[in-house]
Amino acid sequence: MWKNATHTDTLRKAGWESAEWVNVLYFPNGVRAGIPAGTGDDNRETIAIPKAFADDISFVVPVKGQSMRDFDFREGDKLLVQYTGCADNGDFVIADMDGGTTVKVFFEDENGDRWLIPGNPDFQPILL
(Lines give C-alpha, C1' and ligand atoms only; values in the text may rest on other atoms or scores of the structure.)
Protein backbone atom coordinates (compact mmCIF):
# COMPACT_ATOMS: atom_id res chain seq x y z
CA MET A 1 0.00 0.00 0.00
CA TRP A 2 1.00 3.58 -0.54
CA LYS A 3 0.16 6.17 2.04
CA ASN A 4 0.67 9.73 3.24
CA ALA A 5 -0.80 11.47 0.22
CA THR A 6 -0.47 15.27 0.21
CA HIS A 7 -1.79 17.70 -2.37
CA THR A 8 0.88 19.61 -4.32
CA ASP A 9 -1.55 22.53 -4.69
CA THR A 10 -1.77 22.74 -0.88
CA LEU A 11 2.03 23.00 -0.73
CA ARG A 12 2.05 25.90 -3.17
CA LYS A 13 -0.66 27.74 -1.24
CA ALA A 14 1.37 27.27 1.96
CA GLY A 15 4.22 29.31 0.54
CA TRP A 16 6.40 26.67 -1.08
CA GLU A 17 6.82 28.82 -4.20
CA SER A 18 10.17 30.00 -2.82
CA ALA A 19 11.35 26.51 -1.85
CA GLU A 20 13.97 24.55 -3.76
CA TRP A 21 12.24 22.03 -6.03
CA VAL A 22 13.43 18.63 -7.34
CA ASN A 23 12.00 16.19 -9.87
CA VAL A 24 10.39 12.89 -8.81
CA LEU A 25 8.56 10.10 -10.65
CA TYR A 26 5.07 11.05 -11.87
CA PHE A 27 2.33 8.76 -13.24
CA PRO A 28 0.12 11.14 -15.27
CA ASN A 29 -2.64 8.57 -15.89
CA GLY A 30 -3.59 8.84 -12.23
CA VAL A 31 -5.15 6.74 -9.52
CA ARG A 32 -8.90 6.19 -9.28
CA ALA A 33 -10.85 7.75 -6.46
CA GLY A 34 -13.60 5.26 -7.16
CA ILE A 35 -13.66 1.69 -8.44
CA PRO A 36 -10.09 0.35 -8.82
CA ALA A 37 -8.73 0.71 -12.33
CA GLY A 38 -5.38 0.39 -14.04
CA THR A 39 -3.10 3.42 -13.88
CA GLY A 40 -1.28 2.89 -17.14
CA ASP A 41 2.02 2.52 -15.28
CA ASP A 42 3.97 2.44 -18.55
CA ASN A 43 3.40 6.18 -18.91
CA ARG A 44 5.97 7.80 -16.59
CA GLU A 45 7.24 11.34 -16.35
CA THR A 46 8.81 13.54 -13.69
CA ILE A 47 7.32 16.43 -11.74
CA ALA A 48 8.89 19.01 -9.43
CA ILE A 49 8.16 18.92 -5.68
CA PRO A 50 9.77 20.76 -2.75
CA LYS A 51 13.18 19.24 -1.99
CA ALA A 52 12.23 19.00 1.70
CA PHE A 53 9.75 16.24 0.78
CA ALA A 54 11.73 14.43 -1.91
CA ASP A 55 13.46 11.91 0.36
CA ASP A 56 10.14 10.54 1.61
CA ILE A 57 8.24 10.54 -1.70
CA SER A 58 8.07 7.45 -3.93
CA PHE A 59 6.03 9.09 -6.70
CA VAL A 60 3.34 11.64 -7.54
CA VAL A 61 -0.01 10.73 -9.08
CA PRO A 62 -3.14 12.75 -9.97
CA VAL A 63 -6.57 11.81 -8.61
CA LYS A 64 -9.23 10.55 -11.03
CA GLY A 65 -12.84 10.29 -9.87
CA GLN A 66 -15.04 11.45 -7.00
CA SER A 67 -14.97 8.80 -4.24
CA MET A 68 -12.70 10.92 -2.01
CA ARG A 69 -14.39 14.29 -2.49
CA ASP A 70 -15.44 14.60 1.19
CA PHE A 71 -11.73 14.48 2.09
CA ASP A 72 -11.13 17.29 -0.44
CA PHE A 73 -9.42 14.99 -2.98
CA ARG A 74 -10.60 16.43 -6.27
CA GLU A 75 -10.21 15.30 -9.87
CA GLY A 76 -6.72 16.32 -10.99
CA ASP A 77 -5.25 16.92 -7.52
CA LYS A 78 -1.70 15.60 -7.39
CA LEU A 79 -0.88 13.30 -4.49
CA LEU A 80 2.64 12.95 -3.08
CA VAL A 81 2.89 9.25 -2.24
CA GLN A 82 5.27 7.39 0.04
CA TYR A 83 5.63 3.61 -0.17
CA THR A 84 5.49 2.01 3.26
CA GLY A 85 4.13 -1.50 2.64
CA CYS A 86 1.71 -1.13 5.57
CA ALA A 87 -0.96 1.26 6.78
CA ASP A 88 -2.55 2.34 10.06
CA ASN A 89 -6.23 3.06 10.67
CA GLY A 90 -7.17 6.37 9.13
CA ASP A 91 -4.26 6.55 6.67
CA PHE A 92 -4.96 7.63 3.11
CA VAL A 93 -3.71 4.77 0.96
CA ILE A 94 -3.32 3.84 -2.66
CA ALA A 95 -4.19 0.17 -2.83
CA ASP A 96 -3.26 -2.11 -5.72
CA MET A 97 -5.95 -4.75 -6.13
CA ASP A 98 -7.07 -6.97 -8.97
CA GLY A 99 -4.76 -5.22 -11.42
CA GLY A 100 -6.03 -1.75 -10.58
CA THR A 101 -5.40 0.96 -8.03
CA THR A 102 -7.65 3.13 -5.90
CA VAL A 103 -7.15 5.85 -3.28
CA LYS A 104 -9.15 5.40 -0.07
CA VAL A 105 -8.88 5.51 3.73
CA PHE A 106 -7.55 2.33 5.35
CA PHE A 107 -9.52 0.85 8.27
CA GLU A 108 -9.09 -2.40 10.21
CA ASP A 109 -12.15 -3.30 12.28
CA GLU A 110 -12.35 -5.14 15.62
CA ASN A 111 -12.64 -8.50 13.78
CA GLY A 112 -9.38 -7.89 11.92
CA ASP A 113 -11.16 -7.26 8.61
CA ARG A 114 -9.41 -4.64 6.49
CA TRP A 115 -11.42 -2.07 4.59
CA LEU A 116 -10.88 0.69 2.07
CA ILE A 117 -13.29 3.47 2.95
CA PRO A 118 -14.40 6.10 0.40
CA GLY A 119 -14.96 9.75 1.22
CA ASN A 120 -18.25 9.92 -0.65
CA PRO A 121 -21.52 8.17 0.37
CA ASP A 122 -22.21 7.32 -3.28
CA PHE A 123 -19.41 4.70 -3.10
CA GLN A 124 -19.26 1.49 -1.07
CA PRO A 125 -16.40 0.46 1.27
CA ILE A 126 -14.19 -2.31 -0.16
CA LEU A 127 -13.39 -5.36 1.99
CA LEU A 128 -9.84 -6.53 1.33
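In what follows, the structure referred to is the one given above.
Residues take numbers from 1 onward in each chain, read along the sequence in its written order. Reporting of local features is limited, given that this is a predicted model, to residues whose pLDDT is at least 70; pairs of side-chain atoms are given and counted only at 80 or more, and all residues count toward the totals for whole chains, interfaces and linings. Think of the side-chain values as coming from all heavy atoms in the structure, minus any hydrogens and water.

**Q** Sorry if this is basic, but what is going on with the packing of aromatic side chains here?
**A** The description of an aromatic ring pair rests on the distance of the ring centres and on the angle between the ring planes. Stacked, edge-to-face and tilted labels apply to pairs of Phe, Tyr and Trp rings (six-membered ring for Trp) whose centres lie within 6.5 Å, assigned for plane angles under 30 degrees, over 60, and everything in between, in that order. Applying the stated rule across the entire model yields 3 aromatic pairs. Note on Phe-27 and Phe-59: the rings are 5.3 Å apart at their centroids and 85° apart in plane angle, and the pair reads as edge-to-face. Pair noted here: Phe-27 is in the loop between strand E2 (21-26) and strand E3 (31-32) and Phe-59 is in strand E5 (residues 59-64), with a separation of 32 residues, a long-range link. Assigned by exposure class, Phe-27 and Phe-59 land together as buried. Labels follow the DSSP assignment, with helices taken as runs of H or I lasting at least four residues and strands as runs of E lasting at least two, numbered in each case from the N terminus. Each residue's exposure class comes from its accessible area (1.4 Å probe, protein chains only) as a fraction of the maximum for that residue type: buried when under 20%, exposed when over 50%, partly exposed otherwise.

**Q** What exactly am I supposed to notice about the environment of Leu-80 here?
**A** The topology assignment puts Leu-80 in strand E6 (residues 78-83). Along the chain, Leu-80 and Ile-49 lie 31 residues apart, while their C-alpha atoms are 8.5 Å from each other.

**Q** It is not clear to me how the side chain of Asp-91 should be interpreted in this structure. Could you clarify?
**A** With respect to the element layout, Asp-91 can be found in the loop between E6 and strand E7 (92-97). A distance of 2.8 Å separates the side chain of Asp-91 from the backbone nitrogen of Asp-88, its partner in a polar contact. Here a polar contact means two N or O atoms within 3.5 Å. Within protein one must be a hydrogen donor candidate and the other an acceptor candidate, and residues neighboring in sequence count only if both atoms are side-chain atoms.

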